[in-house]
Each structure stands twice: as C-alpha cells, then as structure tokens.
Amino acid sequence: MLTAHSPAAPRPDVTDPPPAPPRARRRVRVAALWPYLLIAPTVVGAAFLLVYPVVRNIVMSFQHFGLGELIRGGATWVGFANYRTVLSDPEFWTVVRRTLWWTGLNVVLIMVLGTLVSLMLIKLGKRMRLAVMSGLVLTWATPVIAATTVFQWLFQSRFGVVNWALVKLGFDSYRNYTWFAHGGSTFAILVVLVVWQSVPFAALTLYGGLTTIPAELYESARIDGASAWQSFRLVTFPMLRPLFALVTSLEVIWCFKAFTQIWVISEGGPNGATTTLPIYAFQIAQSLHKYDLGAAVSTLTVVILLAALVFNLRRMFRQEGAL
C-alpha cells in the first residue's frame, strides 16, 4: 500500500546570536562584581581589626619581644622558647584550672537559670511576660562597666546595700565587712555579676525556641501521663538540642574570655584568686612588659577555647545527624 508523504517543512537557518557590544559585556561584568564590591569594606575592616591582631600576636609569641623591642624594634626569633617557658610554669596551670572552673560554674548557672526563666515566660500572661522580657532586655543592654560599678557599690564595705541589709537581718558580723579583701567572696561576686549579665540572652533565645514547639506534642505527653520534668526531657530538650548547644557554646566564649568585670573589680586579686587566663596574659604583657610571654599565653588561651568549642560543636552536629 502506497502512502503519500508530505514534503518536509524547510528547516530554518540556525545562526549564532550576534555578539553583545563591548559596553553591554562591561555592564554584565560590573553587575557580577557589584555584590563583592559592596562587602569589600566590611571584609577589609574585619581583616584589619580581627585577622591582623591574631596573626601579629602569633608572630610575637615566637619572638623575644620586650619593652626594648617595642621601642626600638628588631625583635629576634626564639622559636618555641616562650611556649616552653609558659608551659613549664606551675602558675600557668593553676590559672588554667581556675579558668576552667570559672567557665564551667558560670555556664552551668547561666544555662540552668536561663532555661527556667524561658519556661516561666511561656507560662506567664501577656502583660507579665512583656514586663519580665523588658527587664531582661534592659539588663542585657546595661553596659558592662556600668553594671560592674553598680556591683562595686552594692558590696561596698561601709555604705553598701548588701552589708546594710545583712546587718538589718541580724547578721552583725557583716557590719563593715570587706567583700573584696577575700578571694572566695570576690570570686562569688564576680560569678553573680557575670551570670546576671548573661541570663537574659540565654533566656530570651531559648524562649524564642520554645515558641516554635507545637502545642500538640505537649498535649500528647500530658495525655500519656508525663510529668513536667518528663515533658521537658522527652519533648522540649530533644526539639531544642541544637539551640541549647549553640547557646552553651556562646556562653562558654563569653565566660572564658571575661576580662572587664574581673579587671575593674579585683584586677585578678586578691592574691590571684580571680586571675583567669585573659587577666594572666594582660598582667604578664602590661605589668611585666614581657609581651612575648603574654602573646604565648593569649595564643594558648585561644587554642584551649577552640578545643572546647570544637568538641561541643562536633557533638552538636553528630546529634543533629542522628535525629
């Protein structure tokens, strides 16, 4: 059987598009570079303010750099001699242990109190929640120096409110009590100060996370007979585990590198009872003018902090992958 084939339609000529004029190509190139040009000032500023001091500090830690080298220059390379001097000093390890104890105590108190405050905010009514959150924000926004000065006034020996209140309550032994003359009381005051300044951030951040948890999960747990603690352990904490890990990491950084509060109140005293690694590095560099040893201590401080953060973040990512 013969079939008739219609003639194939003629194929249009396929030709390359005409090349763009040079001005259009230049405009496309500038448009592609524009985002990088916008962030360039920020990148350059960050590199100058953050990267350069770190690199300069690391270089200085491998040099003999004292007051003479600061004035006339010409620092000589000494390799790892500064690190050997620091690591062989028993006082350095005493300060390391004190810094770890300081950081651990503050972080535990901040996370526990911040969690309790965030859970309380969920239960409060609208007006009371607004009032409490306003107080938290004001506390968080208070400048560090101002808050530290207020705490100095509170615990002043003759006219401090704390001593006055304790005497009124019948504790006459606290009349004219000098809080900052004793290492234990000074350390405790600094812990209270840092925790007071840090709880608002942890509480507000965790409260924001709590608002994202569906209410149906708590309702199901309540129907199954779960207590408040079981609801937190089985619902709240697993849902917010990455957020808890992130806030904990930020608080570790904040507490580990705390300097202003300690230096203003005690300068690391009395008798070194409040000397942490940042204070120790500053004392060596500025008081003794041993900038090389101070640079070595500060570099080791960063290494210790990075090791703690890497361990915490790796565990966080591993737990996220298991979910």
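What you are looking at is a predicted structure, and each value in this text was computed from that prediction instead of being measured. (Residues numbered from 1 in each chain as written. Predicted model: local features only at pLDDT ≥ 70, side-chain atom pairs only at ≥ 80, totals over all residues. Heavy atoms only, no water.)

From N to C terminus, the protein includes 14 helices and 2 strands. Here the protein holds 323 residues, and 32% of them are scored as buried. Within the protein, contacts between residues separated by at least 24 positions form 66% of all contacts whose residues are at least 6 apart in sequence. Of the roughly 20,700 Å² that the protein leaves accessible, carbon and sulfur atoms contribute 69%. (Helix = DSSP H or I, 4+ residues; strand = E, 2+ residues; numbered from the N terminus. Buried < 20%, exposed > 50% of the residue type's maximum accessible area, 1.4 Å probe, protein only. Contact = heavy atoms within 4.5 Å. Areas by Shrake-Rupley, 256 points an atom, 1.4 Å probe, with all protein chains shown as cover.)

Another aspect to go through is the layout of surface pockets. Considered as a void within the structure, the largest pocket measures approximately 790 Å³ in volume. Along the wall of the largest pocket there are 30 residues; nearest its centre are Leu-119, Leu-210, Phe-232, Thr-236 and Phe-237. Mapped by element, the contributors of at least two residues to the lining of the largest pocket are helix H4 (90–123), helix H9 (215–223), helix H10 (228–239), helix H11 (241–256) and helix H14 (291–322). The calculated volume of the second largest pocket comes to roughly 200 Å³. Asn-57, Ile-253, Lys-257, Leu-277, Pro-278, Ala-281, Ser-298, Thr-301, Val-302 and Leu-305 together form the lining of the second largest pocket. Elements with a contribution of two residues or more to the lining of the second largest pocket: helix H13 (277–287) and H14. (1 Å grid on protein atoms, 1.4 Å probe; cavity = no way out; pocket = protein on both sides within 12 Å on 5 of 7 lines; lining within 4 Å. Points joined across faces, edges and corners; volume = space filled by probe spheres on them.)

Moving on, we get to the nonpolar core. In this structure, Val-86, Phe-92, Trp-102, Leu-277 and Val-297 are the most contacted members of the largest nonpolar core, which totals 56 residues. Looking at which element gives the most residues to this core, the answer is helix H8 (residues 183–210), with 14 residues. In contact with Phe-92, other than residues within four places in its own chain, are Val-86, Leu-87, Leu-277, Tyr-280, Val-297 and Leu-300. Judged by nonpolar contacts, the second largest core, of 5 residues, contains Phe-65, Ala-285, Tyr-291 and Ala-295. (Core = buried A, V, L, I, M, F, W, Y, C linked by side-chain atoms within 4.5 Å.)

A few words on H8. Counted at 1.5 Å a residue, the expected span for H8 with its 28 residues is 40 Å, and the 39 Å between its end C-alpha atoms agrees. The largest bend in H8 is about 35°, located at Ser-198, with the proline Pro-200 one to four residues further on. H8 sits mainly inside the fold: 20 of its 28 residues count as buried. (Expected span 1.5 Å × (residues − 1). Bend = angle between axes of the 7 residues up to and from the residue.)

Moving on, we come to a nonpolar patch on the surface. On the surface, a cluster of nonpolar side chains totalling about 770 Å² of accessible area is made up of Leu-33, Trp-34, Tyr-36, Leu-37, Leu-38, Ile-39 and Val-43. Here Leu-38 is to be found in helix H1 (residues 22–61). (Patch = residues over 30% accessible without salt bridge, like charges linked within 9 Å, V, L, I, M, F, W, Y side chains within 5 Å. Salt bridge = Lys/Arg side-chain N within 4 Å of Asp/Glu carboxyl O.)

Applying the stated criterion to the full structure yields 3 salt bridges. Arg-72 serves as the salt-bridge partner of Glu-69, at 4.0 Å between the closest nitrogen and oxygen. With Glu-69 and Arg-72 both in helix H2 (residues 67–72) and 3 residues apart, the pair spans about one turn of that helix. By relative accessible area, which is 65% here, Arg-72 ends up exposed. A salt bridge links Arg-222 to Glu-219, with the shortest nitrogen-to-oxygen separation between them at 2.6 Å. With Arg-222 and Glu-219 both in helix H9 and 3 residues apart, this pair spans about one turn of that helix. The class of Glu-219 is partly exposed, set by a relative accessible area of 40%.

Bringing the side chain of Thr-301 into the picture now. Positionally, Thr-301 belongs in helix H14. On the basis of relative accessibility, which here comes to 11%, the residue Thr-301 falls in the buried class. From its side chain, Thr-301 meets the backbone oxygen of Val-297 in a polar contact 2.8 Å long. The contacts of Thr-301, once residues within four sequence positions are left out, are Phe-256 and Leu-277. (Polar contact = N/O pair within 3.5 Å; in protein donor to acceptor, adjacent residues only side chain to side chain.)

With that settled, the discussion passes to unusual backbone geometry. If a residue is not glycine, its phi is most likely negative; likewise, a peptide bond is most likely trans. In the segment running from Gly-269 into Pro-270, the intervening peptide bond is cis, with an omega of -5°. Considering the arrangement of structural elements, one finds Pro-270 in the loop between helix H12 (260–265) and H13. The backbone phi angle of Asn-176 is positive, close to 60°, even though this residue is not glycine. Judged by relative accessible area, which is 46%, Asn-176 ranks as partly exposed. The phi dihedral of His-289 is positive, around 60°, even though this residue is not glycine. For His-289, the position within the fold is in the loop between H13 and H14.

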